[in-house]
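Here's the letter readout for the chains.
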Amino acid sequence: MPDAYSFLRQSSRLICIGFMTIGLAGSPIGPAAAQTPPAADAPAPEASVETPAIIPEGADVPLPPAGAPTDAAEAPAPDEAAPPSYTLPSVAPRAPDRIPVPNAAEIALWSRSGHADASARAFSHWNDAGEIPANCASCHSGEGFRNFHGLDGSEPGLRDEPFAIGGVVDCATCHNTGLTEIREIALPNGMMHPTAPGEQSCMTCHQGRASGQAIADATEAGDPDTPSSDLRFINPHYATAAAMWLGGYAQLGYEYPGRDYEGRFTHAKPVATCAACHDPHSLEVASSTCLTCHDSGDAKEIRISRTSFDGSGARNQGIYLDIQNNARRLHQMVLDYAAEIAGTPMIYDGARHPYFFADANADGVIDEADGRPVAFTDWTPRLLRAAYNWKFVTADRGAHVHNPHYALQLLHDSMADLAGAMGVDFAQTGVRRD
């Protein structure tokens, strides 16, 4: 009995020769071929190779006799009942690596950015509701953005009907020829801001939803330190980069009367637009751009002033830390004022609207009523102004680049105002404004 290895080799040869014989004899491939007998008057087939049951190891494989069909063109036509046979090319015509995709590199960068993340809260917040309100969809849906600006053929402005969920900031949000016709953008305070090419999308959605004027209007009446049931927290919204960048020119932060504020931060001429620093598809900051003028490509390490604004005296740290330290100080002063002057301790939770909640027993836990968190309602005009500015500055994670001095001025003036009401000697903190 042959060993297993010899048996496998012989079986393989048998199978190969069997397929060769069938193919060369012109028999159609498929089960129908085996089941269809030849017609009674069909001519005898030409001689074919007799295939032995077992070919001795080392024997030569016989070749088909001369005249036997060798390709599909010479093979007899298959019976009409036989299924068709197909031949696939060695490389499929639609192999992914062979299909040219215009702008593939840009699409790949965009697909990994926050603008393309449909699961992010900026786009999934309305999933349970099943629809996005029109005033939200203008920035949280590509379809809503195009409708808001009339880029879809509609009249510009907010429509009454909501939009479908699932949208993101897609390609057509920014790559739309109609954007070149938009020469100015309305800001939350009603001001019309002229836009440069490429700014329309960024300026529309990163300007925030409130303004210093809205705070002034809400807090102009009544005693500045007496809680009012008419007051509620006014949220500047999120990612307010454009609002911070425009500074005192647009006045979207609350600006205290009698104080001067930094205007639009023009930086330097080559980096005076959003896309000059941010990759428009990945949204990442091009650190190499910073190195053109600065010693570091990390924007958080760059300092553009010799003044220590946070009272630390440190001038070898990035101005980012001055802003962060002053923001933490203002946040604590807001909490202290709420407890001492407004009369109700406060807790901030940035993950839940309206963000500021009551903690009447000062146990560090948000109060609840009927299973729901209790919003802080003892707002005084002075407290609302300071809390708004704190939220406005911290809503822009790039304030240290977009307009650091405007951010520092808002923080300083808010702290100084609260300190006066609480009897704190603010000068002793060492916090500087200019």
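What you see is a predicted model; the values in this text were computed from it and never measured. (Residues numbered from 1 in each chain as written. Predicted model: local features only at pLDDT ≥ 70, side-chain atom pairs only at ≥ 80, totals over all residues. Heavy atoms only, no water.)

**Student:** Could you clarify how one ought to interpret the confidence of the model for the protein chain in this entry?
**Tutor:** Interpreting fine coordinate detail is not advised for predicted regions of low pLDDT. Summing up the model confidence of the protein chain, the mean pLDDT is 85 and the portion of residues at 70 or higher is 78%. Low pLDDT, under 50, characterises residues 1–9; the predicted model gives this stretch two contacts beyond four residues in sequence or across chains. Predicted confidence is poor over residues 11–40, with pLDDT under 50, and the contacts of this stretch with residues over four places away or in other chains come to 26 contacts. (pLDDT = per-residue confidence, 0-100. Contact = heavy atoms within 4.5 Å.)

**Student:** Honestly, the nonpolar core in this entry has me stumped. Any pointers?
**Tutor:** The nonpolar side chains of a soluble globular protein tend to be buried, and buried together. Membership of the largest hydrophobic core comes to 58 residues, with the highest contact counts inside it found for Met346, Phe356, Trp379, Leu383 and Phe392. Among the elements that line this core, the one with the most residues is helix H13 (residues 319–342), at 10 residues. Formed by six residues, the second largest nonpolar core is a distinct cluster that contains Ile132, Ala134, Cys136 and Ala137. (Core = buried A, V, L, I, M, F, W, Y, C linked by side-chain atoms within 4.5 Å. Buried < 20%, exposed > 50% of the residue type's maximum accessible area, 1.4 Å probe, protein only. Helix = DSSP H or I, 4+ residues; strand = E, 2+ residues; numbered from the N terminus.)

**Student:** Got a minute to help me understand the state of the cysteines in this structure?
**Tutor:** What makes a disulfide is a covalent bond joining the sulfur atoms belonging to two cysteines. Per the counting criterion, the structure on display carries one disulfide. The disulfide that involves Cys139 links it to Cys205, with 2.4 Å between the sulfurs. Across the disulfide from Cys139 to Cys205, rotation about the S-S bond amounts to roughly -95°, and the bridge is consequently left-handed. Of this pair, Cys139 sits in helix H5 (residues 134–140) while Cys205 sits in helix H8 (residues 200–205), and the two are 66 residues apart along the sequence. (Disulfide = S-S within 2.5 Å.)

**Student:** I'm lost on the pattern of salt bridges in this one. Help?
**Tutor:** What the rule picks out here adds up to nine salt bridges. With a closest N to O distance of 3.0 Å, Asp349 and Arg352 form a salt bridge. Note that Asp413 and Arg433 form a salt bridge whose closest N and O atoms lie 2.8 Å from each other. With a gap of 20 residues between them, Asp413 in helix H16 (residues 404–422) and Arg433 in the segment after H16 connect regions that are remote in the sequence. (Salt bridge = Lys/Arg side-chain N within 4 Å of Asp/Glu carboxyl O.)

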